[in-house]
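# Commentary on secondary and tertiary structure
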Amino acid sequence: MKTYFAYIRVSTTKQGKEGSSLSAQRDAIEAFARRNDLAISEWYEEQQTAAKIGRAAFLRMMGRLERGGAAGIILHKIDRGARNLWDWARIQSLLDIGIEVHFAHDNLDMKSRGGRLAADIQAVVAADYVRNLREETRKGLRGRLKQGLLPRAAPLGYQNNGKGKAKTIDPIVGPLVRLAFELYASRQHSFKTLRKELHREGLTTKNGSPLNLCSITAMLRNPFYAGVIRLKSTGEHFPGIHEPLISADLFQEVQNVLDGKLTISVSKHEFLYRRLLKCGLCGTTLIGERQKGHVYYRCHTTSCPTTGIREDHVSTELSYHVEGMLLAREDVEELIPIISEEDKAWSAQRSERLRSADLKIAALKEREARLTDAYVDQLIDRETYERRKALLFLEIARAREARSYLPDAKDTMSARIDAFFGFVQSLDVTKVSGRVRTFRDAVNILTSNRTLVGKKLCVTLQSPFQELSSGLAVLRCSPARGDSRNSEAQNTDGDTNAHREVGRTLATERAEVLLKHLRGWKPPPDFTLSETTSNSRTGPQQWRKNLMHQRPEDELREAA
């Protein structure tokens, strides 16, 4: 008795339950077999698209048929067996070697010339349907890309928000991905040490395993984190509307390290002031050593008389300079109205600066349009076009990043002063925990010269810290405030008013010292204004609390 193979297929799991499902195809084939007295010896089932060749169950079935394993094959419809002409040609070849081909849904006589012609037409239509669907899908994907949207799953560190919406930064994983870029850009990590560090920080796979090296490389090479979408299949670049996780400069620095333009130097010890201290006599960097429970920084030049210094003594010297930039309670209260006036002037300049930044971005987009025109007019080849476009998109990302640093409604002078002194207070060496590298970066921002001569450590502050410290020190030496208070109790009203006027003048001078040196100051990347204002009940004037530094006489006065 002749036996036949039966083949059923759907493209997706969802289709297997709905529409022309696997069970519906099976029922139709069984009914066809009963009507035509055909015995089915084996079923082949698959959930895979027929647009591409290489289906495992289909190939296995065809191999057995070609070896005479059955008298023929029964399919539900032509497009269930093949949606590409390669597979259809193989099904047609079965007829040439005497293998029967039946379709339960289509009334086709595959033994006749007309039946085979009709089947060929349907197969061509099915293949064309796939080509058209593929083309329409490409158009849809390119449309999304031109809108600045990534039409695929969000990369590590971002979250999906549904179709037609930009990816958003994952509040948990996003900072860890940013840390990966920062650590690798520091040139203190190889891929292996970076992998261990990220695993320790909590950046892992879904099952908790460390990321593999290929995943880390792909992540560090992905410009999506800098605001640019790259289509890997064609090498094309598109500006994204999502929020960048890192700056364009940081991304470029990581690329330079990956490309070998910047060398990696991995250290074994993470001392607090590693590579920050130099010998004032011979100029060499002091080396950190751990001796008898303490860390020492020593000069290893044999002929140099400089010995070394303990780490806690360096911290004491640094703390002395930090203390010099904090203000007393009275200083803060006197500065409030003056800083408020500066806030008004600051806000008045905002719209003009934003307009200038917008014009720069518009000019870059015009360059992009001219570049596209040059490519369309065949003035440049595709490789040159894609290379220049990628660089231009990074430049646009930098311009947008620069615009984001311009003052917004919350970036007042009060908030900037708040951030400044919050940053100064973050240099408290007694509270250093976790990432030592971030503390060292802050020390580099604060100071420029850290030399040891003999046993004396000399520290020079960077601008504007040096100017601010010096200006406040001069103003602190004035006896006007104390005289004014004593005079209020002892002198006439005229003398009291005169002393008050002197006090207002000094407050104005303090404000001018602050404003002069902080107008152009920007907080470090790891220190945001929101950190200093998030707990404020009165908005940006939280800086009044952050600036307050009680001297011993303040504490005695309050105790009295």
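Up top is the structure these notes are about.
For the structure given in this document, a descriptive report is provided here. (Residues numbered from 1 in each chain as written. Predicted model: local features only at pLDDT ≥ 70, side-chain atom pairs only at ≥ 80, totals over all residues. Heavy atoms only, no water.)

Moving on: the overall build of the protein. Within the protein, the regular secondary structure consists of 20 helices and 14 strands. Burial statistics for the protein: of 560 residues in total, 42% are counted as buried. Put simply, 66% of the contacts in the protein that link residues at least 6 apart link residues at least 24 apart. When the accessible surface of the protein is summed, it comes to about 31,000 Å², and 51% of that surface belongs to carbon and sulfur atoms. (Helix = DSSP H or I, 4+ residues; strand = E, 2+ residues; numbered from the N terminus. Buried < 20%, exposed > 50% of the residue type's maximum accessible area, 1.4 Å probe, protein only. Contact = heavy atoms within 4.5 Å. Areas by Shrake-Rupley, 256 points an atom, 1.4 Å probe, with all protein chains shown as cover.)

With that settled, the discussion passes to the side chain of E236. Structurally, E236 is set in strand 8 (residues 236-239). Assessed through its relative accessible area of 8%, E236 is described here as buried. Separated by 2.8 Å, the side chains of E236 and R142 make a polar contact. Polar contacts involving the side chain of E236 include one to the side chain of T234, which spans 2.9 Å. Aside from chain neighbours lying at most four places away, what touches E236 is R142, I229, R230, L231, R382, E386 and K389. (Polar contact = N/O pair within 3.5 Å; in protein donor to acceptor, adjacent residues only side chain to side chain.)

On inspection of all chains with the given rule, the structure shows 10 aromatic pairs. Both rings, one in Y158 and one in F224, keep their centres 4.9 Å apart while their planes meet at 80°; by these two values the pair is edge-to-face. Here the residue Y158 occupies a position in strand 5 (residues 158-159), and F224 occupies one in the loop between helix 8 (213-221) and strand 7 (228-231), the gap between them amounting to 66 residues. On the accessibility criterion, F224 (2% relative accessible area) is buried. Relative to Y225, the ring of Y158 has its centre 6.0 Å away and its plane inclined at 40°; by these criteria the two rings are tilted. On the criterion of sequence distance, the pair formed by Y158 in strand 5 and Y225 in the loop between helix 8 and strand 7 is long-range, its members being 67 residues apart. Each member of the pair, Y158 as well as Y225, carries the same accessibility label: buried. Here the aromatic cluster, defined as three or more aromatic residues joined through ring pairs, consists of Y158, F181, F224, Y225 and F251. Between the NZ or CZ atom of R55 and the centre of the ring of F58, over which it lies, the distance is 4.2 Å. (Phe/Tyr/Trp six-rings, centres within 6.5 Å; stacked < 30°, edge-to-face > 60°. Lys NZ or Arg CZ within 6 Å of the ring centre and 35° of its normal.)

Strand order in the open sheet formed by three strands is 10-11-12, and the pairing between neighbours is antiparallel. Unpaired on one side and paired on the other, strand 10 (287-291) and strand 12 (308-310) mark the two borders of the sheet. Put simply, the sheet's adjacent strands are angled 30° from each other on average, direction ignored. By the bridge criterion, five bridges tie strand 10 to strand 11 (residues 294-298) in an arrangement that is antiparallel. Bridge pairing in strand 11 places Q291 opposite H294. The sheet contacts of helix 10 (residues 311-323) involve strand 11 and strand 12, and relative to strand 12 the element is tilted by about 75°. (Pairing = 2+ DSSP bridges. Axes fitted to C-alpha atoms, helices over the stretch in contact; angles between N-to-C directions.)

For soluble globular proteins, the rule of thumb is that nonpolar side chains tend to be buried together. Counting residues in each nonpolar core, the largest one holds 41 residues, and the members touching the most others are F181, L220, Y225, I246 and V254. Sort the elements by how many residues they give to this core and helix 6 (residues 174-185) lands first, with eight residues. Looking at this core, you find at least three residues from each of domain 2 (158-259) and domain 3 (329-428). Beyond its immediate stretch of four places on either side in the chain, I246 contacts R178, F181, Y225, A226 and F251. Grouped together as the second largest cluster of nonpolar side chains are 33 residues, L286, F423, V443 and L446 included. (Core = buried A, V, L, I, M, F, W, Y, C linked by side-chain atoms within 4.5 Å. Domains from an automatic or database assignment.)

For the rest of this paragraph, the subject is the environment of D312. Positionally, D312 belongs in helix 10. It is 8.1 Å that separates the C-alpha atoms of D312 and V295, two residues lying 17 residues apart in sequence. Looking at D312, its side chain comes within polar contact range of the side chain of R310, at 2.6 Å.

Applying the stated rule across the entire model yields 19 salt bridges. Between R55 and D87 there is a salt bridge, with the nearest N and O atoms lying 2.9 Å from each other. Here D87 lies in helix 4 (residues 85-96) and R55 lies in the loop between strand 2 (39-47) and helix 2 (56-66), a separation of 32 residues in the sequence. A single burial state applies to R55 and to D87, both of which are buried. Here R370 makes a salt bridge to E366, at a shortest N to O gap of 3.5 Å. Taken together, the positions of R370 and E366, both in helix 11 (residues 329-376) and four residues apart, correspond to about one turn of that helix. (Salt bridge = Lys/Arg side-chain N within 4 Å of Asp/Glu carboxyl O.)

With their axes 11 Å apart at the nearest point, helix 2 and helix 4 run at an angle of 25° to one another. Taken together, the axis directions place helix 2 and helix 4 in an arrangement best described as roughly parallel. Judged by the twist between their axes, the crossing of helix 2 over helix 4 is left-handed. Each of F58, L59, M62, G63, L65 and E66 in helix 2 lies in contact with helix 4, whose residues at this interface are D87, R90, I91 and L94. Taken together, the residues that form the contact of helix 2 with helix 4 break down as six nonpolar, one polar and three charged. (Parallel < 35°, antiparallel > 145°, perpendicular 65-115°, else oblique. Left-handed = near helix turned anticlockwise from the far one by under 90°. Nonpolar A, V, L, I, M, F, W, Y, C, P; charged D, E, K, R; others polar.)

Next up on the list: the sheet that holds strand 9 (residues 278-279). The mixed open sheet is built from three strands, whose spatial order is 9-13-14. Every other strand in the sheet has two partners, leaving strand 9 and strand 14 (456-461) as the edge strands with one partner each. The sheet contact formed by strand 9 and strand 13 (residues 447-453) spans two bridges and is parallel. Bridging across to strand 13, C279 finds its partner in L452. Set on the sheet, helix 10 makes contact with strand 13 and strand 14; between it and strand 14 the angle comes to about 35°.

Spanning 14 residues, helix 1 (residues 22-35) covers 20 Å between terminal C-alpha atoms, matching the ideal 20 Å at 1.5 Å per step. All of the buried residues along helix 1 are L22, Q25, I29, F32 and A33. Buried positions in helix 1, seen along its axis, are confined to an arc of 100° and lie on one side of it. In helix 1, the exposed positions that point more than 90 degrees away from the buried face belong to R34 and R35. (Expected span 1.5 Å × (residues − 1). Arc of directions from axis to C-beta.)

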